[in-house]
Amino acid sequence: MSITYLEAIREAQAKALADDPRVFLYGQDIGSFGGAFKATKNLAKEFPGRVLDSTLSEDAIIGAAIGAAIEGMRPIVEMQYADFSTVGFNQIVNHAATLFWRTETPCPITIRLPSGGTNGSGPFHSQNMESLYAHYPGLVVMTPATVEDAYSMLLEAVAIDDPVIFCEHKYLYYHLKADGLPTEAEPVGKAKIARPGRDVTVVAYSAMVHEALEMARELATEGTEVEVVDLRSVKPLDTDTVLASVARTGRLLAVGESFPWGGVTAEVVARVASAGFGLLDAAPQRLNAKDTPVPFHPNLWGTHRPTARAIAIAVRELLRS
Amino acid sequence: MSITYLEAIREAQAKALADDPRVFLYGQDIGSFGGAFKATKNLAKEFPGRVLDSTLSEDAIIGAAIGAAIEGMRPIVEMQYADFSTVGFNQIVNHAATLFWRTETPCPITIRLPSGGTNGSGPFHSQNMESLYAHYPGLVVMTPATVEDAYSMLLEAVAIDDPVIFCEHKYLYYHLKADGLPTEAEPVGKAKIARPGRDVTVVAYSAMVHEALEMARELATEGTEVEVVDLRSVKPLDTDTVLASVARTGRLLAVGESFPWGGVTAEVVARVASAGFGLLDAAPQRLNAKDTPVPFHPNLWGTHRPTARAIAIAVRELLRS
Amino acid sequence: MGIGFGMVQAMVTPATGAGSLKETYLGAYRWMLLARVSEEKYASLYRGGKIHGSVFLGKGQEALSVSIAVNLRKGDIFSPLIRDQAGRLAFGESLLDSTRAYLGSRLGAMRGRDGNIHRGRPRDGYFAMISHLGAMIPAVAGALLARRMKGMTGAVGATTIGEGGTSTGAFHEGVNLAAVEQLPLVIVIANNQYAYSTPASKQFACGDLVDKAAGYGIAGHSVDGTDLAACLETLRKAVGAARDGGGPQMVVASLLRLAGHGEHDDFRYVDPELRRTALGRDCLEAAEAALLEKRWATPKEIAAWRAEAARQVDETVAAVQREPLPNPDEEDWCALSSKRLVDGFTTE
Amino acid sequence: MGIGFGMVQAMVTPATGAGSLKETYLGAYRWMLLARVSEEKYASLYRGGKIHGSVFLGKGQEALSVSIAVNLRKGDIFSPLIRDQAGRLAFGESLLDSTRAYLGSRLGAMRGRDGNIHRGRPRDGYFAMISHLGAMIPAVAGALLARRMKGMTGAVGATTIGEGGTSTGAFHEGVNLAAVEQLPLVIVIANNQYAYSTPASKQFACGDLVDKAAGYGIAGHSVDGTDLAACLETLRKAVGAARDGGGPQMVVASLLRLAGHGEHDDFRYVDPELRRTALGRDCLEAAEAALLEKRWATPKEIAAWRAEAARQVDETVAAVQREPLPNPDEEDWCALSSKRLVDGFTTE
Ligand SMILES: Cc1ncc(C[n+]2csc(CCOP(=O)(O)OP(=O)(O)O)c2C)c(N)n1
Ligand SMILES: Cc1ncc(C[n+]2csc(CCOP(=O)(O)OP(=O)(O)O)c2C)c(N)n1
Ligand SMILES: [Mg+2]
Ligand SMILES: [Mg+2]
């Protein structure tokens, strides 16, 4: 059996619904229609009354999920696109994220954000928002890069008593496949060596892991062994695994698909520079998308986002330094 | 004549209104009441019809300012507290910030964000949001630390053809005083050496500049010469001035009042590590607020935010490394 | 010492139940009195520099606020806002909890992390507002949605907002969601004529805010917010209708804020004309006058109740002032309940 | 070749002016036809893989959309949404501009940076929507506020939204702001019964969306969105009332979306019953039938107009397909207009 990243997300939701009566799904068009990307296909039929179509109101959707969580439920909310979570931003960062700290009331909600660029999606259907949410205290931010992680991390997200921002990458939805669903998983908060190598560490997450792996395969043909670290979650961020890798390679490139100012790559480089300065044989580097909105036309988009080719150039440069 | 940081903000708005008929002010309670902090005191009377009280609708306030900017006006918007801009977040990051890039239509709006912690203000009236806005392309983010900069940078913000997030610090409003208003100013985008020193570079901005200066005065009595760099704007961020300072001192501590994950301090450390690795004699370090919401009670708040004392500890540690 | 859930003095029988009108009125009156007296105390502590942050008073809005709470039952949800001291107490918050929040006691529900009006005990159905106006409405709606999913029936949720708050997108999305889902939600709008300094004429253009109810397809009720009997009756109807499956109920009360926006504010912007109209009537004084007129109480009784309220407040404040303040060294500085997921990286 | 501002064929005299009903109707019909034909072409290009991203059609909504634009004048503002191809063209957008946006031509107003429905030329009063529904309403309101401040009078702004979009907070805040400021804003709500797959019954609980107008204190108009004559007349009234100082006007049109949400969508979720009701009538076919019935056009003329529209569309598409595509090396990759303020730090 072969299963896609998207199907894994569907299966995780099905399992969460089956295993725990407190789980329900909430979002636009997720009921009988099965969601804009079909991540909830058939779930409304399989779990009557537990997959609810919402109004077109992101702020109220998140607010309602918080209220339901206070009542002991464990909602999984789908934003139609990550980009639309800007409209529910306040409820996420000021209500969900502060509730436990302020009142000792847990807020176990999972917010699924279909994230990242795809062909022709343009400025408002391509954004990566992990860095914004990770900046705020009180949120867990997951960024699965594999089918297995999409499945197991989503299940873990639902089990966690805190609000989880689940950044699933649309570019991986249909193309990324695995042979089956995992039965066990690394715990959230642990990064993973996606490919071992001794010459340079490339830290990536979500879709960028695959660009990094493609680059690593290419550079392997030239005799360069790239170690690719998949962060898996960006908050918490597993500094130890990154440092251990840099200890082996002495060189670091952090790659992210979001905008260049701040964000995951800045955090990774800053942590390594602070805590692993002595491990570095060369200046640590970053590669991000360009500092403009995400362009609509594929000709532009292909340059805006980091690709295997662009990463390869950055790695070669880093190896020369 | 002595003038406070808050009065400088008022004077800058008065001058902008007087100099340019396209300027108008828009926000909650800013009309005859003069604003929650009195930053627009008397301006409604002095400039009839150009200081408008808005509805209690942050999203629409920003949206309306964008529309007015399209019509050639130059609105200055006051959010009652920076924290409430989360409700207008979408209009800021997805509409104002993308307008020029998408349509070649400039969007000259200035959004004033009364920012930062003060005694007893708690989780929802203390936030620093510069890092969130700086992450998005298409915005200029200013963080003045002095009375002079509050004045001249606000005037420059109004003159700029792009949306400016103007983070003014509430803690400085009443206490920070200068002898008068400046007649000339460093351009936006240039950082400033707030205090020269040869032993260590402390990069700060906004209220943290003053904590850093206090720390520097204290350490001077122990014979340590701290160089304090005031970033002035965090986007653009003047990497050159920071690097030049680190070239002199070999040591870097970046201090910010916001939450620890990502943000200005990560960006500063990452840039210096990338572009100035060879200049560093020790691992660059960061000091931020703690990773919880901003606490209400002063006993907790005093520990949550970086203070001169906490910075001193971090600097001493850095000097030992 | 703390007044709280189950306290005898004011175990108000909900007006929907068996209690006589007199009992209900008297009970409500005494909560109003306690609210007024406690807030006066907080205001004086604030002026004396003993309270950090802000103090917002419900002066003039006690009749409305208490009428919500006395019509709620155990198991209902109440999500108050900044002018709801009366409703909070009547819903079951102890004076101790309230005072601890203001003074930042380490022993209180908020533990000095958050203060004053942001307090609550969400798991007891007593929600803790965030500052962003309108944000609590969808939260209460979601809680009611959850109860329906759990098969729990018969409970209602009530939440309050000012006329200024009706201009927020959160208000609209929340009320609309509740309407579409036909949830037992009572939305009480206190039109106290000002949002901070902004007059109501700058917040909405409809003749009466209750005109909004039809636009959401929900029931609307108007009431004189200075008249305790009218408030009790209107809320009885509205809460009852929600409980009986009538869907969301919007109650619009007209009144005037009789204090500054917060205690830092001298509210000079309030039109003096307005203060002389019926809107400017003090609901507590009006209730007292009614009590005397109906001979439900004597002046002496009223004086005794006020003295009793003052005694409780003073005692509570004195006790809380002896309590430990928050201590940064005892904080875990962790915003997550899942401690294992803390992002523990720090460099100092 | 491009149809655009001032083109003779369809210089529609606004219905408010001197033009006869026949002239107005005929002009509007021809814009509808051009919209339909051009969108059919875009859809076929999409299916052929020649268009990146999505294609959303206004099929069934042309009568409503065009009626807005033909009632606007030069100097007015139009902020269309995803189903407004007819209104866009009638407002003065050239077919060339439209086609360039879809095909991502480097020469178009959007230069391949943004595509399809997000296009516009804001400085010409033709706003460029962001995707987030409701967000354009306050922007148009703000532009009208600015004009008032500048002392410009007589202009109106019109914007459209679907019934789904009325559930957003942005809609509420924007309409309310316009109402409080009494701006000459026409808000056209196309209740096409679905928001993507979600039926209208899941978006609002009022009987008719026009019930919302009273809640904002603004005028409301209802119209059969499948009837061109009715739409022209209703918009004539609404735009005229806004222009004459009547404040915001809310127009609610009932109709049915006759295409998928986007061209990727087979809209199987649409109730077949509904398609057979009056709501499901194709406004273009109905307009044609009316033209014939009134003898304002012969079948031959209609066929010729359609052929002419197809020729224009084909020529435009062919021309645009020869135009250069965006080139990343020629981009400045700079989101600011103030180039000196670019945050130029990159490490590669
Ligand atoms: C979204 C948002 N914007 C601004 C504020 C700041 N603020 C706090 S109370 C208030 C006035 C509220 O007026 P109203 O809703 O009428 O309630 P009232 O104070 O009159 O009881 C404002 C503007 C806020 N809390 N939330
Ligand atoms: C705030 C927001 N949330 C979600 C979406 C995704 N989305 C695009 S169109 C659409 C349906 C819109 O329905 P309606 O407003 O009725 O307009 P229609 O498509 O029927 O013309 C949705 C959910 C969006 N654009 N904006
Ligand atoms: Mg009010
Ligand atoms: Mg629709």
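Reading the values: the criteria
- Residues numbered from 1 in each chain as written.
- Chains lettered and ligands numbered in written order.
- Predicted model: local features only at pLDDT ≥ 70, side-chain atom pairs only at ≥ 80, totals over all residues.
- Heavy atoms only, no water.
- Helix = DSSP H or I, 4+ residues; strand = E, 2+ residues; numbered from the N terminus.
- Rg over C-alpha atoms; globule rule 2.2 N^0.38 Å.
- Buried < 20%, exposed > 50% of the residue type's maximum accessible area, 1.4 Å probe, protein only.
- Contact = heavy atoms within 4.5 Å.
- Areas by Shrake-Rupley, 256 points an atom, 1.4 Å probe, with all protein chains shown as cover.
- Lys, Arg positive; Asp, Glu negative; His and termini not counted.
- Charge placed at Lys NZ, Arg CZ, Asp CG, Glu CD.
- Donors = N, O, S within 2.8 Å, 3.2 Å for Na, K, Ca; no water.
- Tetrahedral: all angles 85-135°; square planar, octahedral: opposite > 155°, others 65-115°.
- Polar contact = N/O pair within 3.5 Å; in protein donor to acceptor, adjacent residues only side chain to side chain.
- Axes fitted to C-alpha atoms, helices over the stretch in contact; angles between N-to-C directions.
- Parallel < 35°, antiparallel > 145°, perpendicular 65-115°, else oblique.
- Left-handed = near helix turned anticlockwise from the far one by under 90°.
- Nonpolar A, V, L, I, M, F, W, Y, C, P; charged D, E, K, R; others polar.
- Near = heavy atom within 4 Å.
- Least-squares fit on C-alpha atoms with pLDDT ≥ 70 in both.
- Core = buried A, V, L, I, M, F, W, Y, C linked by side-chain atoms within 4.5 Å.
- Pairing = 2+ DSSP bridges.

Draft legend 1. Looking closely at the overall build of chain A. Looking only at helices and strands, chain A features eleven helices and 14 strands. The C-alpha atoms of chain A give 19 Å as radius of gyration, which agrees with the globular expectation for 321 residues (20 Å, within 12%). Counting only C-alpha atoms and orienting by the principal axes, one finds that chain A spans roughly 60 × 40 × 40 Å. For chain A, the proportion of its 321 residues judged to be buried stands at 76%. Within chain A, counting contacts between residues at least 6 apart in sequence, those at least 24 apart form 81% of the total. When the accessible surface of chain A is split by element, carbon and sulfur atoms take 49% of a total near 8400 Å². If the 28 positive side-chain charges of chain A are averaged to one point and the 38 negative ones to another, these points end up 3 Å apart.

Draft legend 2. Seen up close, the coordination of the magnesium ion (ligand 3). Residue and element names in this part refer to chain C. The protein atoms that coordinate the magnesium ion (ligand 3) are E163 (OE), E163 (OE), N192 (OD1) and Y194 (O), at distances of 2.0 to 2.7 Å. Angles of 51 to 171° at the metal separate the six donor atoms of the magnesium ion (ligand 3), which places the site in the irregular class. Going along the chain, you hit the donors of the magnesium ion (ligand 3) in the pattern E-x28-N-x1-Y. On the criterion of sequence distance, the pair formed by E163 in the loop between strand 2 (157–162) and helix 6 (169–180) and N192 in the loop between strand 3 (185–191) and strand 4 (194–195) is long-range, its members being 29 residues apart.

Draft legend 3. Structural detail: the side chain of Q80 of chain B. With respect to the helices and strands, the residue Q80 of chain B is situated in the loop between strand 4 (74–78) and helix 4 (89–103). Of the residues examined, Q80 of chain B reaches a relative accessible area of 12% and is grouped as buried. At 3.0 Å, the side chain of Q80 of chain B and the side chain of D29 of chain B are in polar contact. Excluding residues within four positions of it along the chain, Q80 of chain B makes contact with Q28, D29, A36, F37 and P114 of chain B together with Y196 of chain C.

Draft legend 4. Quick peek at the packing of helix 1 (residues 5–19) of chain A against helix 6 (residues 147–159) of chain A. Residues and elements named next belong to chain A. Where helix 1 meets helix 6, the axes come as close as 8 Å, and the angle between the chain directions of the two elements is 30°. What the angle tells us is that helix 1 and helix 6 run roughly parallel. Crossing geometry of helix 1 relative to helix 6 is assigned as right-handed. Every residue of helix 6 that contacts helix 1 at Y5, A8, I9, E11, A12, Q13, K15 and A16 is listed here: V147, A150, Y151, L154, L155 and V158. Across the contact of helix 1 with helix 6, the residue classes break down as eleven nonpolar, one polar and two charged.

Draft legend 5. Geometry of unusual backbone geometry. All names here are of chain A. Across the junction of K235 and P236, the peptide omega takes the value 0°, indicating a cis bond. When you line up the elements, P236 lands in the loop between strand 12 (233–235) and helix 8 (239–249). Unusually for a residue other than glycine, E104 sits at a positive phi of about 65°. The residue E104 is located in the loop between helix 4 (89–103) and strand 5 (110–115) in this model. The partly exposed category is assigned to E104, whose relative accessible area is 40%.

Draft legend 6. How the structure looks around the site of ligand 1. E58 of chain B together with R83, G165, N192 and Y194 of chain C are the nearest of the 19 residues found near ligand 1. More than a single chain frames ligand 1: its nearby residues are located in chains B and C. The contact in question runs from an oxygen atom of ligand 1 to an N or O atom on the backbone of G164 of chain C, over 2.9 Å. Contact with the protein chains covers 94% of the free accessible surface of ligand 1, which is 580 Å². Classifying every residue of the shell around ligand 1 gives seven nonpolar, nine polar and three charged.

Draft legend 7. Spatial organisation of the relation of the copies chain B and chain A. Note on the identical chains: chain B maps onto chain A by a rotation of 180° and an axial translation of 0.0 Å, with an RMSD of 0.0 Å. This pairing of chains is accounted for by a two-fold axis. Most of the interface of chain B is mirrored in chain A, where 98% of its interface residues are also at the interface.

Draft legend 8. Structural detail: the coordination of the magnesium ion (ligand 4). All names here are of chain D. At 2.0 to 2.7 Å from the magnesium ion (ligand 4) lie its protein donor atoms, namely E163 (OE), E163 (OE), N192 (OD1) and Y194 (O). Classification of the site at the magnesium ion (ligand 4) as irregular follows from its six donor atoms and the range of 51 to 170° in their angles at the metal. Here the donor residues of the magnesium ion (ligand 4) share one chain and are spaced in sequence as E-x28-N-x1-Y. With relative accessibility at 5%, the residue N192 sits in the buried group. For Y194, a relative accessible area of 9% corresponds to the buried category.

Draft legend 9. Seen up close, the nonpolar core. Residues Y133 of chain A, Y133 of chain B, L228 of chain C together with L228 of chain D are the most contacted members of the largest nonpolar core, which totals 326 residues. Look past the residues within four positions of L228 of chain C in its chain and what remains in contact with it is Y25, A28, Y29, M32, A63, V66, S67 and A287 of chain C.

Draft legend 10. Structural context of the site of ligand 2. In the region of ligand 2, 19 residues are neighbours, and E58 of chain A together with R83, G165, N192 and Y194 of chain D sit closest. Positioned at a junction of chains, ligand 2 has nearby residues supplied by chains A and D. Here a nitrogen atom of ligand 2 and a side-chain polar atom of E58 of chain A are 2.6 Å apart. R83 of chain D is positioned such that a nitrogen or oxygen atom in its side chain is 2.8 Å from an oxygen atom of ligand 2.

Draft legend 11. Summary view of the sheet that holds strand 7 (residues 249–254) of chain D. Residue and element names in this part refer to chain D. Overall, parallel pairing links the five strands, which are arranged 1-2-3-7-6 in an open sheet. Either end of the sheet is taken by a strand with one partner, and the two such strands are strand 1 (77–79) and strand 6 (219–224). Each strand of the sheet is rotated relative to its neighbour by a mean of 20°, with strand direction disregarded. Both strand 2 (residues 157–162) and strand 3 (residues 185–191) contribute to a ladder of six bridges, which runs parallel. Opposite T160, over in strand 3, you have V188 as the bridge partner. Sitting on the sheet, helix 5 (residues 136–149) touches strand 1, strand 2 and strand 3, and the angle it makes with strand 2 is about 170°.

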